[in-house]
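Structural overview
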Amino acid sequence: MIVVILTFFFVVIFYTAGTVMGVVTQGGLIDKNQHVLGGGRALITGAVATTIGAILGTSTTTAYAESTSGIAAGGRTDLTAIVTALLFALSSMFVPLLTVVTSAVTVPALVIVGILMMSNVQYIDWNKMELAVPAFLQSS
């Protein structure tokens, strides 16, 4: 059981760290010394959410790279997440309609999110293997 727990631990910690780096880079939340502003709080939030999700029996909860689309649109506060949650709740009334047009709507949105995520690849120093290998493995 220890192997399973450690496996999930490392998967979640690396996924969360990679997502946090992508989101803070998009949001310009890295100081001049390359330190993430509020990075510790982001990782603690991810750990608490994962723990609560596991206790409640849900699938793994984690930070999502799609957050970069909200940041690119100008969102910088928790109000962005609250408005998004309210809009998701409102959209649940339209689920039958959404099943008709889902692929036509989601494909362009996923392409845009992919482009926003790929824009941060320029900051990877591909000549340093200690940086390039983890960056490559995180993306695959």
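Residues numbered from 1 in each chain as written. Predicted model: local features only at pLDDT ≥ 70, side-chain atom pairs only at ≥ 80, totals over all residues. Heavy atoms only, no water.

**Notes on the overall build of the protein**
Within the protein, the secondary structure is distributed over six helices and zero strands. Here the protein, with 140 residues, has 15% of them falling under the buried criterion. Across the protein, the fraction of contacts at a sequence separation of at least 24, relative to all contacts at a separation of at least 6, is 64%. Carbon and sulfur atoms make up 75% of the accessible area of the protein, which totals about 10500 Å². For the protein, the separation between the mean place of its 4 positive charges and that of its 5 negative charges on side chains is 9 Å. (Helix = DSSP H or I, 4+ residues; strand = E, 2+ residues; numbered from the N terminus. Buried < 20%, exposed > 50% of the residue type's maximum accessible area, 1.4 Å probe, protein only. Contact = heavy atoms within 4.5 Å. Areas by Shrake-Rupley, 256 points an atom, 1.4 Å probe, with all protein chains shown as cover. Lys, Arg positive; Asp, Glu negative; His and termini not counted. Charge placed at Lys NZ, Arg CZ, Asp CG, Glu CD.)

**Here we look at the packing of aromatic side chains**
Using the criterion set out here, one finds two aromatic pairs in the structure. Seen from their ring centres, Phe 9 and Phe 10 are 5.1 Å apart, and the 70 degrees between their planes marks the pair as edge-to-face. The class of Phe 9 is partly exposed, set by a relative accessible area of 46%. We classify Phe 10 as partly exposed; its relative accessible area is 41%. One aromatic cluster is present, formed by Phe 9, Phe 10 and Phe 14 through successive ring pairs. (Phe/Tyr/Trp six-rings, centres within 6.5 Å; stacked < 30°, edge-to-face > 60°.)

**Points about the confidence of the model for the protein**
Looking at the protein as a whole, its pLDDT mean stands at 79, while 91% of the residues score no less than 70. Looking at the elements of the protein, mean pLDDT is at its lowest for helix H3 (residues 67–72), recorded as 71, and at its highest for helix H4 (residues 78–91), recorded as 84. (pLDDT = per-residue confidence, 0-100.)

**Quick word on helix H1 (residues 2–27)**
Between the first and last C-alpha of H1 there are 37 Å, a value that for 26 residues agrees with the 38 Å anticipated at 1.5 Å per step. Two residues or fewer after H1 comes Gly 28, characterised by a positive phi angle close to 70 degrees. (Expected span 1.5 Å × (residues − 1).)

**So, the environment of Ile 30**
Of note, Ile 30 is situated in the loop between H1 and helix H2 (39–56). A relative accessible area of 25% means that Ile 30 is categorised as partly exposed. When neighbours within four sequence positions are excluded, Ile 30 is seen to be in contact with Met 21, Val 24, Thr 25 and His 35.

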